[in-house]
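Each chain, letter by letter, is given below.
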Amino acid sequence: MVVKFIGSTRYLAIVPIVGLAVAAAVMFLFGGIGLFTFVLRSISEIQAGHHPTEILPIFELLEFVHQFLIGTVLYITAMGLYQLFIQDVPLPMWMKTESSEDLETNLVGVTVVVLAIEFLGVVFSGRQENLLQYGAGIALPIAALGVFMGLKHRSHAQKHANAGEAAKPAE
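Residues numbered from 1 in each chain as written. Predicted model: local features only at pLDDT ≥ 70, side-chain atom pairs only at ≥ 80, totals over all residues. Heavy atoms only, no water.

Trainee: Sorry, what's going on with the side chain of Gln-83 here?
Mentor: Looking at the secondary structure, you find Gln-83 in helix α4 (residues 58-85). With residues near it in sequence (within four places) discarded, Gln-83 still touches Asp-88, Val-89, Leu-91, Met-95, Lys-96 and Thr-97. (Helix = DSSP H or I, 4+ residues; strand = E, 2+ residues; numbered from the N terminus. Contact = heavy atoms within 4.5 Å.)

Trainee: Would you take a moment to explain the packing of helix α2 (residues 14-47) against α4 for this structure?
Mentor: The axes of two packed helices give the description: the angle between them and the distance between them. Viewed as axis vectors pointing N to C, α2 and α4 meet at an angle of 160 degrees, and their least axial separation amounts to 8 Å. The pairing of α2 with α4 is recorded here as roughly antiparallel in orientation. Relative to α4, α2 is oriented so that their crossing is left-handed. Residue classes in the contact of α2 with α4 are distributed as 20 nonpolar, 7 polar and 2 charged. (Axes fitted to C-alpha atoms, helices over the stretch in contact; angles between N-to-C directions. Parallel < 35°, antiparallel > 145°, perpendicular 65-115°, else oblique. Left-handed = near helix turned anticlockwise from the far one by under 90°. Nonpolar A, V, L, I, M, F, W, Y, C, P; charged D, E, K, R; others polar.)

Trainee: Got a minute to help me understand the layout of surface pockets in this structure?
Mentor: Using a probe with the size of a water molecule, rolled over the atoms, empty space left in the structure can be pinpointed. In this structure, the largest pocket encloses a volume near 170 Å³. Around the largest pocket, the lining residues are Trp-94, Lys-96, Glu-101, Asp-102, Thr-105, Asn-106, Met-149, Lys-152, His-153, His-156 and Ala-157. Within the residue set of the lining of the largest pocket, elements represented by two or more residues are α5 (100-125) and α6 (131-167). Here the lining of the largest pocket gets 5 residues from one element, more than from any other, and that element is α6. Residue composition of the lining of the largest pocket, grouped by class: 3 nonpolar, 4 polar and 4 charged. (1 Å grid on protein atoms, 1.4 Å probe; cavity = no way out; pocket = protein on both sides within 12 Å on 5 of 7 lines; lining within 4 Å. Points joined across faces, edges and corners; volume = space filled by probe spheres on them.)

Trainee: Where do I start with the packing of aromatic side chains in this structure?
Mentor: Working definition: an aromatic ring pair is given by the centre-to-centre distance plus the angle between the planes. Summed over all chains, the structure comprises 2 aromatic pairs. Pairing Phe-38 with Phe-64 gives two aromatic rings, centres 6.0 Å apart and planes at 50 degrees, and the pair type is tilted. With Phe-38 in helix α2 and Phe-64 in helix α4, this residue pair connects regions lying 26 residues apart in the sequence. Residue Phe-38 shares its accessibility class with Phe-64, and that shared class is buried. (Phe/Tyr/Trp six-rings, centres within 6.5 Å; stacked < 30°, edge-to-face > 60°. Buried < 20%, exposed > 50% of the residue type's maximum accessible area, 1.4 Å probe, protein only.)

Trainee: I'm lost on a nonpolar patch on the surface in this one. Help?
Mentor: Among the surface-exposed residues, Tyr-11, Ile-14, Val-18, Val-22, Val-26, Leu-29, Phe-30 and Ile-33 lie close enough to one another that they form a single nonpolar patch of about 710 Å² accessible area. By the secondary structure assignment, Val-18 is in helix α2. What makes Val-18 partly exposed here is its relative accessible area of 46%. (Patch = residues over 30% accessible without salt bridge, like charges linked within 9 Å, V, L, I, M, F, W, Y side chains within 5 Å. Areas by Shrake-Rupley, 256 points an atom, 1.4 Å probe, with all protein chains shown as cover. Salt bridge = Lys/Arg side-chain N within 4 Å of Asp/Glu carboxyl O.)

Below, the structure is given as structure tokens:
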């Protein structure tokens, strides 16, 4: 009875799964609407005689990419939690989540890209006066995540090497 109850508590993960999925949908929806509006506005300004380089600021496009990437992080996290706690889902191999480490690796990778896009958006917009300080503030978490993933990979490789040595027959 107690074991069955404890086993069924895995369904509590539905709360963050639904919340993350809804948040991802909102990011995709608003990003899509904003991008569509941006394209229509740009087309009308080109038809009005403006030069395309005047009306197509790259940082605005990067903001939409940033929004879609955040939505992607939220979606990957929701799907990963669903796979870990509820049931397996037919997904592309790169989205398969067999452990919390798989989910963590996907999140770290997409987070690094989101931070880089954020920095590029600031560079292109020119809205940051102290760019070096801002860039360092973004580079430090990226470097920390890189070191973390490197150490994790090294630890994994070491475990597999040790397991391989333990499996060899004694001479």
